[in-house]
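Here are the chains, one letter per residue:
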Amino acid sequence: MLLALDDAISSAVLAGRAADAEIFGVIDLTSKIEARIGAISLGRAIQFVANASVLGYDVRGAMVLYGDPGTPSLRIWDCEHLWAQYAGALLEP
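As the structure is a computational prediction, the values presented were derived from the model and not from experiment.

Spatially, S3-S2-S5 is the arrangement adopted by the three strands of the open sheet, whose pairing is antiparallel. On the outer flanks of this sheet lie strand S3 (33-34) and strand S5 (57-58), each paired with one strand and no other. With two bridges connecting them, strand S2 (residues 27-28) and S5 associate as antiparallel partners. Counted as the bridge partner of Ile27 is Asp58 from S5.

Structure (structure tokens):
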């Protein structure tokens, strides 16, 4: 069942990769404050969260919000998994 859920999330994310997304809970380790990240595409949001730790951000509490109200948010482990699996496809228009 978990595999089917992952496939459903992956399919939904790939289909909506160009949709607007917002990222919350990213901490800039230099200033120790939450980074303000404007609306970006879902694919770019996943890329950012998956790679932000090497750029000097703490993303342990990060959430990517996208889609209609009620759509589950993506967390760091979701973003890392999706980026590892689909990388370039997430950035395609």
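Helix length check: helix H3 (residues 76-91) (16 residues) gives 18 Å between terminal C-alpha atoms against 22 Å at 1.5 Å per residue, more than 12% under. When the local axis directions of H3 are compared, the greatest deviation, roughly 80°, occurs at Gln85. Turning to H3, its buried residues are Ile76, Cys79, Leu82, Trp83 and Leu90.

This brings us to the confidence of the model for the protein. It should be kept in mind that the predicted coordinates are not to be read in detail where pLDDT is low. With 94% of its residues at a pLDDT of at least 70, the protein reaches an overall mean of 89. Predicted confidence in the protein is weakest over helix H1 (residues 2-15), with a mean pLDDT of 71, and strongest over S5, with 97. Between residues 1-5, whose pLDDT stays under 50, and residues either more than four places distant or in other chains, the model counts zero contacts.

What counts, and where the lines are drawn
Residues numbered from 1 in each chain as written. Predicted model: local features only at pLDDT ≥ 70, side-chain atom pairs only at ≥ 80, totals over all residues. Heavy atoms only, no water. Pairing = 2+ DSSP bridges. Helix = DSSP H or I, 4+ residues; strand = E, 2+ residues; numbered from the N terminus. Expected span 1.5 Å × (residues − 1). Bend = angle between axes of the 7 residues up to and from the residue. Buried < 20%, exposed > 50% of the residue type's maximum accessible area, 1.4 Å probe, protein only. pLDDT = per-residue confidence, 0-100. Contact = heavy atoms within 4.5 Å.

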